[in-house]
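# Structure assessment
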Amino acid sequence: MNLWAMSLIALAMFALALPFIVLLTGERATARESLWAFSMGLGFGALALATLQFALTGRLRWLTHPFGADIVYLCHRYLSWAALALMLSHFGILYIWYQPALGALNPLEARWELTSGRVALTCFIALVISSQFRKSLKLPYEWWRYLHIALAMIGFAAAVAHVLGVGTYTAAADKRALWIGVTVGWVGLLAWSRIGRPWLQARNPWIVTANEAERGGVHTLKLAPQRRGLKHWKPGQFAWLSIGRSPWALKEHPFTISSPPETGPDLSFSIKPLGDDTARLVEVAVGTKAYIDGPYGAFSIDREPDAPGFVMIAGGIGITPIFANLKALALRGNPRPVILFYANKELSDASFQEELEAMRARIDLTIIHVPEDPPEGWEGEAGFIDAQVLDRHLPRQSRNWPHLICGPGPMLAAVRKALQARNVPLSKIDSEVFELV
């Protein structure tokens, strides 16, 4: 972990501790007893975690670059559950041991600041449940995004109003200033995310110049910038793509850039129709206007300039970022050896099969296809990528090479376990989460 990443973690810990540092200094209300004070602390901790979520999902490049956007989003998901647990514990202690302090639960009779706290709790419960079980609830991605933003805004505003209205440990001016400052920062993040960034995207549109069908139902869309291309773009990164709609529409999706920077400024996105609007995207017409926000991600060979070689493992459409990295190696004439394991339901589903074979003449590339249902007469590997498959093809020295893995969640878990069984250091295993939401 580099110095910048460690500094960001330290900054996040300080941000979470800051409410307690301010609230516990100077004059403050006397705690009724330790359990009451503990409950108040849980409430302040929950709000501090909730505040951090807006930074984690704000697509701030200085924050996502050291870790990768997928890791930051996973951290957001887990910390959301932690924040909700603290909120429920805060309310639960008061409900069990200090019920008179809660007043009437009927919002028509309760004090406004207490009702505000209950509104916040309800919003955060709905937010976490709708996000965690979106697919089970059959909630379309676009509608989920609208709901997610609305619940987050209402819930956070209600929580701050609750804290300031109740006034416990916040009566002093410096302590009220803390939460007012937090609110101003929150509003600033929202303004940048929902107004500033879309405005910049609207000033720099892209145009779809080609829509090409690939194997496995994948379509590659090629886009050309009408003004500026992407800055500081590395192979294997992704961008948020909105086609045929306004950048303010909240209907953008994250897709890997399947072309390397060496072929820029034009971009390619290879998309498989898996639902959530992707069926519409693969049929988009040439000439359609598009908007791009990126690049993001850290799944790139450029993060390993001194690696002696690479092991790359892809499942299905997870080949996309690996394909971009391989194309970059080929265009650079990079001599480092690469061993690629490529799993698909059937061999005919393997996208970019011809392009990958052609790369073997340009770089030191070994390809091991692993179809789950092999064709008749197939003599190669079949089934799933497991420790035995890896052992048959990976030389001993490859254990210290970077291992880049991308594919469905179950495959990632199985491959990580198999690599650890081969004594591959965790620091040498880099996986790209198949989907962010």
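Described below are features of the structure shown in this document. (Residues numbered from 1 in each chain as written. Predicted model: local features only at pLDDT ≥ 70, side-chain atom pairs only at ≥ 80, totals over all residues. Heavy atoms only, no water.)

Attention now goes to the sheet that holds strand β9 (residues 365-371). In space, the 5 strands of this open sheet follow the order β9-β8-β7-β10-β11, with parallel pairing throughout. The open sheet terminates on both sides in strands that have one partner only, identified here as β9 and β11 (429-432). Across the sheet, the axes of successive neighbouring strands diverge by a mean angle of 15 degrees, strand direction being ignored. Inspection of the sheet shows strand β8 (residues 338-344) paired to β9 by 7 bridges, in the parallel sense. Its bridge partner lying in β9, L340 is registered against I367. On the sheet, helix α13 (residues 409-421) packs against β7 (310-315), β10 (403-406) and β11 and is oriented at approximately 160 degrees with respect to β10. (Pairing = 2+ DSSP bridges. Helix = DSSP H or I, 4+ residues; strand = E, 2+ residues; numbered from the N terminus. Axes fitted to C-alpha atoms, helices over the stretch in contact; angles between N-to-C directions. Contact = heavy atoms within 4.5 Å.)

In this section: the nonpolar core. Formed by 33 residues in total, the largest nonpolar core has its most connected members in L47, F54, M87, L94, F124, F156 and W179. Mapped by element, the contributors of at least two residues to this core are α2 (34-56), α4 (69-97), α6 (112-132), α7 (141-166) and α8 (173-202). Ignoring anything within four residues of it in the chain, the contact list for L47 reads F156, A159, V160, V163 and W179. (Core = buried A, V, L, I, M, F, W, Y, C linked by side-chain atoms within 4.5 Å. Buried < 20%, exposed > 50% of the residue type's maximum accessible area, 1.4 Å probe, protein only.)

Below, the discussion takes up the packing of α6 against α7. Where α6 meets α7, the axes come as close as 7 Å, and the angle between the chain directions of the two elements is 150 degrees. Taken together, the axes of α6 and α7 are roughly antiparallel relative to one another. Both α6 and α7 take part in a crossing whose hand is left-handed. Classifying every residue of the contact of α6 with α7 by side-chain character gives 18 nonpolar, 8 polar and 1 charged. (Parallel < 35°, antiparallel > 145°, perpendicular 65-115°, else oblique. Left-handed = near helix turned anticlockwise from the far one by under 90°. Nonpolar A, V, L, I, M, F, W, Y, C, P; charged D, E, K, R; others polar.)

Next up on the list: the sheet that holds strand β4 (residues 253-256). Here 6 strands make up an open sheet; going across it, the order is β4-β3-β6-β1-β2-β5 and the pairing antiparallel. Strands at the two margins of the open sheet, each flanked by one partner only, are β4 and β5 (267-271). Each strand axis lies, on average, 40 degrees off the axis of its neighbour in the sheet, ignoring direction. Direction of pairing for strand β3 (residues 238-243) relative to β4: antiparallel, over a ladder of 4 bridges. Across the sheet, residue W240 finds its bridge partner in β4, namely P254.

Turning to its location among the elements, V424 is positioned in the loop between α13 and β11. Here the alpha-carbon distance between V424 and N400, two residues 24 residues apart in the chain, equals 6.7 Å. Filtering out sequence-adjacent residues up to four positions away, V424 remains in contact with R399, H403, L419 and I429.

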